[in-house]
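Each chain is listed here by its residues.
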Amino acid sequence: MNVRFSFLLAAALTLHAAADLPFTQVPAEFAGQFSPGKSPLVFNDGRKVTNAEDWQKRRAEILADWHAIMGAWPAVIEKPGIEVLETTKRDGGVTQRKVRVEIAPGQTGEGYLLLPAAEGKRPAVFVPYYDPETSAGLSEKPLRDFAWQLARRGFVTLSIGSPGGDARKPVLSAEAKCQPLSYLGYICANMWNALAGLPEVDAARIGIVGHSYGGKWSLFGSCLWEKYACAAWSDPGIVFDETRGSINYQEPWYLGLDPALTRKPGLVSAESPRTGAYKTLIEKGHNLQELHALMAPRPFLVSGGAEDPPKRWTVLNHTIAVNDLLGAKSRVAMTNREKHDPNEESNEQIYRFFEYWLKP
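Owing to the predicted nature of the structure, the values given are computational and were not obtained by experimental measurement.

S.K.: Describe in detail the overall build of the protein chain, supporting the description with residues and values.
M.R.: Helix and strand content of the protein chain: 10 helices and 9 strands. Radius of gyration (C-alpha) of the protein chain: 19 Å, near the 21 Å computed for a compact globule of 360 residues. For the protein chain, the share of sequence-separated contacts (at least 6 apart) that also reach a separation of at least 24 residues comes to 70%. Roughly 14,700 Å² of accessible area belongs to the protein chain as shown, and the carbon and sulfur atoms make up 52% of that amount. Within the protein chain, the 40 negative side-chain charges are centred at a point lying 2 Å from the centre of the 40 positive side-chain charges.

S.K.: Any chance you could break down the sheet that holds strand β5 (residues 156-160) for me, citing the residues and the numbers?
M.R.: The 9 strands are arranged β1-β2-β3-β5-β4-β6-β7-β8-β9 in an open sheet whose pairing can be described as mixed. With one partner strand each, in any of the chains shown, β1 (82-89) and β9 (332-336) form the two edges of the open sheet. Strand-to-strand twist in this sheet, taken as the mean axis angle between neighbours without regard to direction, amounts to 20°. Here strand β8 (residues 300-304) pairs with β9 via 5 bridges, running parallel. Within β9, the position partnered with Phe 300 by the bridge is Val 332. Running over the sheet, helix α9 (residues 313-326) touches β8 and β9 and is turned about 160° from β9.

S.K.: Give me the nonpolar core: which residues, what numbers.
M.R.: Grouped together as the largest cluster of nonpolar side chains are 78 residues, with contacts concentrated most on Phe 220 and Tyr 249. By size, the runner-up hydrophobic cluster in this structure holds 26 residues, among which are Val 94, Leu 114, Val 209 and Ala 229.

S.K.: With reference to specific residues and values, describe helix α7 (residues 276-283).
M.R.: All buried positions along α7 are accounted for by Gly 276, Ala 277, Tyr 278 and Leu 281. One or two steps after α7, the chain reaches Gly 285, where phi turns positive at roughly 80°.

S.K.: Provide a residue-level description of the pairing of β1, including the pertinent values.
M.R.: The pairing of β1 with strand β2 (residues 95-104) spans 7 bridges and is antiparallel. Bridge pairing in β2 places Ile 82 opposite Val 101.

S.K.: Tell me about the layout of surface pockets, and please be specific about residues and values.
M.R.: Considered as a void within the structure, the second largest pocket measures approximately 190 Å³ in volume. Tyr 130, Ser 212, Tyr 213, Asn 248 and Tyr 254 are, among the 15 residues lining the second largest pocket, the residues nearest its centre.

S.K.: Explain the side chain of Thr 335 to me, using residue names and the numbers behind them.
M.R.: Structurally, Thr 335 is set in strand β9. Within the local environment of Thr 335, its side chain forms a polar contact with the side chain of Gln 349, the two groups lying 3.3 Å apart. Beyond its immediate stretch of four places on either side in the chain, Thr 335 contacts Phe 23, Leu 301, Val 302, Ser 303, Gly 304 and Gln 349.

S.K.: Any chance you could break down the pattern of salt bridges for me, citing the residues and the numbers?
M.R.: For the structure on display, the rule yields 20 salt bridges. Note that Glu 110 and Lys 98 form a salt bridge whose closest N and O atoms lie 3.8 Å from each other. Here the residue Glu 110 occupies a position in strand β3 (residues 107-115), and Lys 98 occupies one in strand β2, the gap between them amounting to 12 residues. The exposure class of Glu 110 is partly exposed, given its relative accessible area of 35%. With a shortest N-O distance of 3.0 Å, Arg 263 and Glu 251 are connected by a salt bridge. Taken together, the residues Arg 263 in the loop between β7 (230-234) and α7 and Glu 251 in the loop between β7 and α7 connect sequence positions 12 residues apart. Judged by relative accessible area, Glu 251 falls into the buried class, the value being 3%. Salt bridges sharing common partners tie together Glu 83, Lys 98, Arg 100 and Glu 110.

S.K.: How would you sum up the side chain of Arg 331? Please name residues and give values.
M.R.: Within the secondary structure layout, Arg 331 lies in the loop between α9 and β9. For the buried Arg 331, no salt bridge is present, and the opposite-charge side chain at shortest range is Asp 324, 9.9 Å distant. Here the side chain of Arg 331 touches Pro 297 through a polar contact of 2.7 Å, landing on its backbone oxygen.

S.K.: Could you give me a rundown of empty space enclosed by the protein, with the residues and numbers involved?
M.R.: This structure, assessed with the given rule, holds 1 cavity of 30 Å³ or more. The volume enclosed by the largest cavity comes to roughly 30 Å³. In terms of lining, the largest cavity is formed by Ile 82, Val 99, Val 101, Leu 113, Leu 158, Leu 195 and Leu 198. Its residues assigned to classes, the lining of the largest cavity comprises 7 nonpolar, no polar and no charged.

S.K.: Any details on the packing of aromatic side chains? Residues and values, ideally.
M.R.: The tally for this structure, following the rule as stated, stands at 16 aromatic pairs. Ring plane angle 20° and centroid distance 4.5 Å describe the contact between Tyr 130 and Tyr 213, whose orientation is recorded as stacked. Of the two residues, Tyr 130 sits in the loop between β4 (122-128) and α3 (132-135) while Tyr 213 sits in helix α6 (residues 213-224), which places them 83 residues apart along the sequence. For the pair Trp 253 and Tyr 254, a centre-to-centre distance of 6.4 Å together with 55° between the ring planes defines the contact as tilted.

S.K.: Please provide a residue-by-residue account of the packing of helix α5 (residues 180-196) against α6, values included.
M.R.: Helix-helix packing is characterised by the crossing angle of the two axes and by the distance between the axes. It is at 8 Å that the axes of α5 and α6 come closest, and there the two elements cross at 65°. By the angle between their directions, the pair α5 and α6 is classed as roughly perpendicular. The crossing of α5 and α6 is right-handed. On the side of α5, the interface is formed by Leu 181, Ser 182, Leu 184, Gly 185, Ile 187 and Cys 188, while α6 contributes Tyr 213, Lys 216, Trp 217, Phe 220, Gly 221 and Leu 224.

S.K.: For α5, give the residues involved together with the corresponding values.
M.R.: With 17 residues, α5 extends 24 Å from end C-alpha to end C-alpha; this agrees with the ideal 24 Å at 1.5 Å per step. Across the 17 residues of α5, 16 count as buried, placing the element largely inside the fold.

The rules we used
Position numbers for residues start from 1 in each chain and track the written sequence from start to end. Local features in a predicted model are, by the rule used here, given only for residues with pLDDT of at least 70; side-chain atom pairs are given and counted only at 80 or more, and totals for whole chains, interfaces and linings are based on all residues. Note that the side-chain values use all heavy atoms of the structure and ignore hydrogens as well as water. Here a helix means four or more residues in a row that DSSP labels H or I, a strand means two or more in a row labelled E, and each is numbered from the N terminus. For a compact globule the rule gives 2.2 Å times the number of residues to the power 0.38, and the radius of gyration it is set against comes from C-alpha atoms. Two residues form a contact once any of their heavy atoms are found within 4.5 Å. Note on areas: these come from Shrake-Rupley sampling with a 1.4 Å probe, and a residue is covered only by the protein chains present in the view. Only four residue types enter the tally: Lys and Arg on the positive side, Asp and Glu on the negative side, with His and both chain ends excluded. To locate a charge, take atom NZ for lysine, CZ for arginine, CG for aspartate or CD for glutamate. A pair of strands counts as paired when DSSP detects no fewer than two bridges linking them. As a rule, the C-alpha atoms of each element are fitted with a line to give its axis, helices using only the stretch in contact, and angles between N-to-C directions run from 0 to 180 degrees. Side-chain atoms within 4.5 Å link the members of a nonpolar core, which is a set of buried Ala, Val, Leu, Ile, Met, Phe, Trp, Tyr and Cys residues. The cut-offs for exposure are 20% and 50% of the maximum accessible area for each residue type, with area from a 1.4 Å probe on protein chains only; residues under the lower value are buried, those over the upper are exposed, and the others partly exposed. Residues are called lining when one of their atoms sits within 4 Å of a cavity or pocket point, these points coming from a 1 Å grid over the protein atoms alone, where a cavity is a set in which a 1.4 Å probe fits but cannot get out and a pocket is an open set with protein on both sides within 12 Å along at least five of seven lines. Grid points are joined across faces, edges and corners, and a volume is the space filled by probe spheres set on the points. Nitrogen and oxygen atoms within 3.5 Å of one another constitute a polar contact, given that in protein one can donate a hydrogen and the other can accept it, and given that sequence-neighbouring residues count only through two side-chain atoms. Take a side-chain nitrogen of Lys or Arg and a carboxyl oxygen of Asp or Glu: if they are within 4 Å of each other, that pair is a salt bridge. Each residue gets one of three labels, nonpolar for Ala, Val, Leu, Ile, Met, Phe, Trp, Tyr, Cys and Pro, charged for Asp, Glu, Lys and Arg, and polar for the others, Gly among them. Centres within 6.5 Å make a pair out of two Phe, Tyr or Trp rings, where for Trp the six-membered ring is used; the pair is then stacked when the planes are under 30 degrees apart, edge-to-face when over 60, and tilted otherwise. Any angle that falls under 35 degrees is termed roughly parallel, while one over 145 is termed roughly antiparallel, one within 65 to 115 roughly perpendicular, and all others oblique. Crossing handedness: left-handed means the near helix sits turned counterclockwise from the far one by under a right angle, and right-handed means the same turn made clockwise. Residue count minus one, scaled by 1.5 Å, sets the expected span of a helix.

What follows is the structure, given as structure tokens:
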């Protein structure tokens with residue numbers, strides 16, 4: 001991260017006194033408890049991270065380990081092309097631009113850029129999902145219109161859908177040598193650059209949010225691309241959990257892509273074994289708390305449902321420990337609902353999170 005951008009991001013994150021941020025209090029029953037697996041605060045050679053300088057080295061080590069297993073990204077596009085296909089006005093003076101955006105070398109995707117009626121540079125949020133219409137409030141799917149609701153609150157938003165149009169058959173660019181979920185993270189890097197290059201957007205105040213599949217997408221995008229100022233992940237399954245059918249990182253459209261073997265979809269079993277990078281990650285003892293820690297000290301919210309219940313605090317405690325080392329308080333938040341589907345309360349909590357961290 002260049003020095004100027006690092007300064008701008010740090011300034012954006014200290015606009016508020018974090019102590020009054022809701023949803024960051026670990027329940028007493030989970031305080032001080034850590035989920036099993038590698039600690040982000042221990043180097044591969046067993047040395048402990050003891051200061052901020054150590055953490056930067058350990059952070060680089062985690063990032064290198066995961067990229068080595070998942071495969072290399074193509075070069076990030078510094079100025080992705082954006083073609084405006086259609087412009088319309090919506091309620092509240094929001095300008096909607098249907099766009100074709102360069103998501104990877106030689107690959108484009110259609111989506112929606114929503115611009116609230118305001119002067120000057122504004123905060124922005126990238127919203128990935130199966131299709132862009134749902135995020136932009138142009139479908140009948142309820143309570144998944146994050147991009148539209150945030151635009152109504154003054155955020156510039158960009159929503160796109162699965163590369164190639166089918167989440168289970170993602171189309172990767174010819175240059176990509178990585179797992180599909182890592183590729184989605186790569187697209188997030190390019191979409192950050194697309195938003196940052198807009199005259200309406202403050203590059204130091206760009207967040208990312210997604211639900212379910214979009215939650216996995218936004219989790220990997222924000223953790224692997226450090227320029228996102230903050231992130232909200234709606235019930236993606238924030239830890240590998242092979243007892244839950246929807247926490248399916250083992251599938252070939254996420255981390256289980258293997259040119260030699262296509263597994264039968266579903267839970268891991270003798271008939272449907274682990275494959276691809278997912279198999280290697282499990283065998284080497286990796287889990288997602290390592291990726292979460294890459295967010296530190298950037299704030300993130302887990303909008304938990306059926307897949308991410310309160311017990312996931314034991315996973316989040318790993319990142320809280322990293323933030324404690326860095327002197328950053330109240331940067332990890334979680335809310336909980338019973339069902340996987342978002343509801344009005346959980347969505348309001350997401351919008352409040354972005355208003356807190358991205359608005360001056």
